[in-house]
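In case you want the letters, here they are:
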Amino acid sequence: MSATTTDQALHDCRDAYATTLIELAEVDRRVVAVVNDSVGSSKLSEFQRRYPDRLINVGIAEQDMVGVAAGLANGGKIPFVSAASCFLTARALEQIKVDAAYSNRNINLCGMSPGMAYGELGPTHHSIEDLAWLRAIPNLSVVVPSDPTETAQAIRWAAGHPGPVFIRVSRMGVPTVNAEDYRFVAGRAVRLREGTDVTIIANGTVVSPALEAADLLSGLGIEARVLSMPTVKPLDVDAVVAAARETGAIVTVEEALTTGGLGGAVAETVVQHHPVPVRFVGVPDVFAPTGSARWLLDHFGISAAGIVDAAHLARRG
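A. Structural view of the sheet that holds strand 11 (residues 224-228). Within the open sheet, the five strands sit side by side as 9-11-10-13-14. Their pairing is mixed. Each of the sheet's edge strands pairs with one partner strand only, and the pair in question is strand 9 (190-193) and strand 14 (278-283). Strand-to-strand twist in this sheet, taken as the mean axis angle between neighbours without regard to direction, amounts to 25 degrees. Bridge analysis of strand 10 (residues 198-202) against strand 11 gives five bridges, and the strand direction is parallel. Each bridged residue has a counterpart across the sheet, and for T199 the counterpart in strand 11 is R225. Contacting strand 9, strand 10, strand 11 and strand 13 (250-257), helix 9 (residues 237-247) runs over the sheet at an angle of about 175 degrees to strand 11.

Below is the structure:
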């Protein structure tokens with residue numbers, strides 16, 4: 001069910017998102033898109049051409065965007081809200097909480113270009129807090145796909161899920177990490193590599209570096225288990241507890257703040273069920289500076305080398 005090596009061709013997950021949304025719309029007239037002047041950046045131009053009456057552009061008004069989607073959901077539609085993650089989750093947080101999560105409707109919030117993909121535009125455009133503040137909202141599922149296959153399957157799952165969902169849709173090119181027979185299941189981790197000495201838990205754009213780190217560690221005689229954790233909420237508690245018990249140390253890796261996101265969810269689980277050393281790879285409690293996405297990842301040690309260092313620290317306790 002899982003791959004142990006990565007297909008090194010890089011893919012923009014927005015392509016998988018746009019294609020899947022068209023496929024869903026072809027068979028279900030309830031599927032609509034709601035955007036904030038983000039047709040191009042969401043790669044929805046073809047969707048708009050095919051279904052001009054099913055794409056609602058509210059302009060640069062993110063609070064209205066989520067409110068309109070909530071009204072459409074209340075009217076029986078299946079809305080996909082598509083906007084840059086930094087603006088969708090920050091400007092419309094109250095509407096996400098009240099209109100989407102409190103009403104517990106099928107509203108699909110698709111955060112485009114999350115993490116530090118807009119690197120050169122600086123801290124205002126980084127979306128590194130989204131996982132932390134959205135994970136705190138009841139009823140809201142939080143999904144971070146790692147490649148186009150997982151993105152497409154997560155979008156299909158969200159269309160049929162009765163409650164609200166937030167899905168990060170990566171702009172940064174990523175390799176294929178999941179096997180051809182992979183099937184996305186909400187709340188289930190994917191074991192991409194076996195190991196008994198330490199576990200690396202990652203999602204999104206940093207699953208590939210996690211696999212590279214495992215290869216490097218293997219050359220040092222350390223066998224690392226690699227878990228891809230596409231759903232930050234609901235978290236696969238059983239997989240995390242098994243990793244703690246069977247490998248004795250955990251490293252979490254995310255393109256986000258290390259406070260409150262995947263690392264926070266894993267640490268909360270570990271401390272409640274089977275305490276072991278946990279180390280976090282991600283952005284610390286700072287505003288990320290301006291720079292290319294690749295430079296920013298390296299700057300914060302969100303790389304194969306950084307993960308290897310964290311694994312050594314975790315194993316030492």
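B. Seen up close, the pattern of salt bridges. Under the counting rule described, the total for this entry stands at 15 salt bridges. D28 is the partner of R30 in a salt bridge, and the nearest nitrogen-oxygen pair spans 2.8 Å. A residue is classified by how much of its surface remains accessible, and R30, at 42% relative accessible area, is partly exposed. As a salt-bridge pair, E223 and R193 come within 3.9 Å of each other at their nearest N and O atoms. Placement of the pair is E223 in the loop between helix 8 (207-219) and strand 11 and R193 in strand 9, with a sequence separation of 30 residues. When its relative accessible area of 30% is taken as the criterion, E223 is described as partly exposed. The class for R193 is buried, based on a relative accessible area of 16%.

C. Spotlight on the nonpolar core. Of all hydrophobic cores here, the largest spans 67 residues; its most connected members are L44 and F80. In terms of residue count, the dominant contributor to this core is helix 1 (residues 13-27) (seven residues). Filtering out sequence-adjacent residues up to four positions away, F80 remains in contact with Y17, L21, L24, V31, V32, A33, V34, N108, C110, I155 and A159. Counting residues in hydrophobic clusters, the runner-up holds 40 residues, among them A83, A243, V266 and V270.

D. Structural context of unusual backbone geometry. Following K233, the chain continues into P234 via a peptide bond in cis, with omega recorded as 0 degrees. In this fold, P234 is placed in the loop between strand 12 (231-233) and helix 9. At D37, a residue that is not glycine, the phi angle is positive and equals roughly 60 degrees. Locating D37 in the fold gives a position in the loop between strand 2 (31-35) and helix 2 (45-50). Since its relative accessible area comes to 52%, D37 is described here as exposed. Even without being a glycine, N139 presents a positive backbone phi close to 75 degrees. Here N139 shows up in the loop between helix 6 (130-135) and strand 6 (141-143).

E. Fine view of the environment of S208. Inspection of the secondary structure assignment puts S208 in helix 8. A relative accessible area of 7% places S208 in the buried class. Sequence separation between S208 and H312 is 104 residues; the distance between their C-alpha atoms is 19 Å.

F. Geometry of the sheet that holds strand 5 (residues 108-112). Read across the sheet, seven strands follow the order 3-2-4-5-7-6-12 without closing on themselves; strand pairing throughout is mixed. Since the sheet does not close on itself, it has two edges, and those belong to strand 3 (55-57) and strand 12, each with one partner. Strand after strand, the sheet turns through a mean of 20 degrees between neighbouring axes, direction not considered. Here strand 6 runs beside strand 7 (residues 165-169); their pairing, made up of three bridges, is parallel. From the neighbouring strand, V142 faces strand 7, where its bridge partner is F166. Along the sheet face, helix 7 (residues 148-160) touches strand 4 (78-84), strand 5, strand 6 and strand 7 and points at about 160 degrees away from the line of strand 7.

G. Summary view of the packing of aromatic side chains. Enumeration over the complete set of coordinates arrives at two aromatic pairs. Its end group placed over the ring of Y51, R54 keeps NZ or CZ at 4.6 Å from the ring centre.

Criteria and cut-off values
Residues numbered from 1 in each chain as written. Predicted model: local features only at pLDDT ≥ 70, side-chain atom pairs only at ≥ 80, totals over all residues. Heavy atoms only, no water. Pairing = 2+ DSSP bridges. Helix = DSSP H or I, 4+ residues; strand = E, 2+ residues; numbered from the N terminus. Axes fitted to C-alpha atoms, helices over the stretch in contact; angles between N-to-C directions. Contact = heavy atoms within 4.5 Å. Salt bridge = Lys/Arg side-chain N within 4 Å of Asp/Glu carboxyl O. Buried < 20%, exposed > 50% of the residue type's maximum accessible area, 1.4 Å probe, protein only. Core = buried A, V, L, I, M, F, W, Y, C linked by side-chain atoms within 4.5 Å. Phe/Tyr/Trp six-rings, centres within 6.5 Å; stacked < 30°, edge-to-face > 60°. Lys NZ or Arg CZ within 6 Å of the ring centre and 35° of its normal.

By themselves, these figures tell us nothing about what the structure is for.
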